[in-house]
Structure formats: C-alpha cells, structure tokens
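Single-letter residue listing:
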Amino acid sequence: MKTFLIPLSPEEEADCLNRLKNGDRMAKEELILHNMRLVAHVTKKYSVNEDESEELISIGTVGLIKAVSSFKADYGSRFATYAIRCIENEILMYYR
C-alpha cells in the first residue's frame, strides 16, 4: 500500500488520546491508521530495497501499536515523538 491517511490535527489527536484513555477501541485504530505515514518515514532510514522496506514497515507498525498502547499524555511529550522512538526501537531489535 503506497498511500496513507492524512495525519490527525493536534485537536483530533488529543481527542483520540482522550477517548483511548477511556477505553475506546476505535480511537486506538484511528491513531494507528493515521500514523502509518510516520512508520513509513522512519523506515526510510533503515531500508535498502523495496522488499526490505515492506518488511520494515510491518515491524515498524508493531512499534506504532506498542506506542499507542503505552503512551501517557500526562508526561508532556507529543505522541509523534514517543511513537518515533518506539518504531525505531522495534526496527533496531529486528537488526540484532
């Protein structure tokens, strides 16, 4: 898949995070789908060819899912900043 949904606005993201905090499963899916572009962006640093790129996107998606599940807005960081670290950590664990 070469096209991704547009990123959420800060207000939409805050709303999703608030709904997620209250147990809304659809908010989790929405955050994942709207941040897949972020996964693709991060994986560009690590991939060499098309086949590897697709595999890294799959691995990076696992990192994104972990980020959505464990993000705490109370700590003051932005979701994208936290998600990038989770995505990179998942990719780096793959290369070990």
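Keep in mind that what you see is a predicted model, and the values were worked out from it rather than measured. Each chain has its residues counted from 1, following the order in which its sequence is written. pLDDT decides what is reported in this predicted model: residues at 70 or higher carry local features, side-chain atom pairs at 80 or more are listed and counted, and totals for whole chains, interfaces and linings draw on all residues regardless. Computation of side-chain values: all heavy atoms of the structure, hydrogens and water removed.

**Let's talk about helix H2 (residues 25-34)**
For the record, the criterion: Only protein chains enter the calculation, and the probe is 1.4 Å; a residue is then buried if its accessible area is under 20% of its type maximum, exposed if over 50%, and partly exposed in between. The helix count covers DSSP runs of H or I at least four residues long, the strand count covers runs of E at least two residues long, and both are numbered beginning at the N terminus. Only heavy atoms enter the contact rule, under which two residues are in contact if any of them lie within 4.5 Å.
Looking only at H2, the buried set comprises Ala 27, Leu 31, Ile 32 and His 34. Against the buried residues of H2 lie helix H1 (10-21), helix H3 (36-43) and helix H4 (50-70).

**A short note on the nonpolar core**
Basically, it comes down to this: The definition of a nonpolar core used throughout is a set of buried Ala, Val, Leu, Ile, Met, Phe, Trp, Tyr and Cys residues joined through side-chain atoms within 4.5 Å.
Ranked by internal contacts, the top residues of the largest apolar core, which has 21 residues, are Leu 31, Leu 64, Val 68, Phe 79, Ala 83, Ile 87 and Ile 91. Secondary-structure elements contributing two or more residues to this core are H1, H2, H3, H4 and helix H5 (79-95).

**Considering the packing of H2 against H4**
For clarity, the threshold we go by: For helices, the axis comes from a line fit to the C-alpha atoms of the stretch in contact; other axes are also lines fit to C-alpha atoms, and the angle between any two N-to-C directions lies between 0 and 180 degrees. Each angle is binned into one of four classes, with values under 35 degrees roughly parallel, values over 145 roughly antiparallel, values of 65 to 115 roughly perpendicular, and all other values oblique. For a crossing to be left-handed, the near helix must be turned anticlockwise from the far one by less than a right angle; the clockwise case is right-handed. Residues are grouped as follows: Ala, Val, Leu, Ile, Met, Phe, Trp, Tyr, Cys and Pro are nonpolar; Asp, Glu, Lys and Arg are charged; every other residue, Gly included, is polar.
With their axes 10 Å apart at the nearest point, H2 and H4 run at an angle of 140° to one another. Here H4 runs oblique to H2, going by the angle between their axes. For the pair H2 and H4, the crossing hand works out as right-handed. Within the contact between the two elements, H2 uses Lys 28, Leu 31 and Ile 32 and H4 uses Leu 64, Ile 65, Val 68 and Ser 69. Split by residue class, the contact of H2 with H4 holds 5 nonpolar, 1 polar and 1 charged.

**A closer look at H3**
With 6 of 8 residues buried, H3 lies mostly within the body of the structure. Where H3 is concerned, the buried positions are Met 36, Leu 38, Val 39, Ala 40, Val 42 and Thr 43. Packing partners of the buried residues in H3 comprise H2, H4 and H5.

**Quick word on the packing of aromatic side chains**
So the rule is basically this: Two rings from Phe, Tyr or Trp (for Trp, the six-membered ring) form a pair when their centres are within 6.5 Å of each other. A pair whose planes differ by under 30 degrees is stacked, one over 60 is edge-to-face, and the rest are tilted.
On inspection of all chains with the given rule, the structure shows 3 aromatic pairs. Seen in terms of ring centroids, Phe 71 and Phe 79 are 5.3 Å apart; in terms of plane orientation they differ by 90°. Their pairing is edge-to-face. Each member of the pair, Phe 71 as well as Phe 79, carries the same accessibility label: buried. Ring geometry for Tyr 94 and Tyr 95: centres 5.3 Å apart, planes at 65°, overall edge-to-face. Ring pairs connect the aromatic residues Phe 71, Phe 79 and Tyr 82, which therefore count as one cluster.

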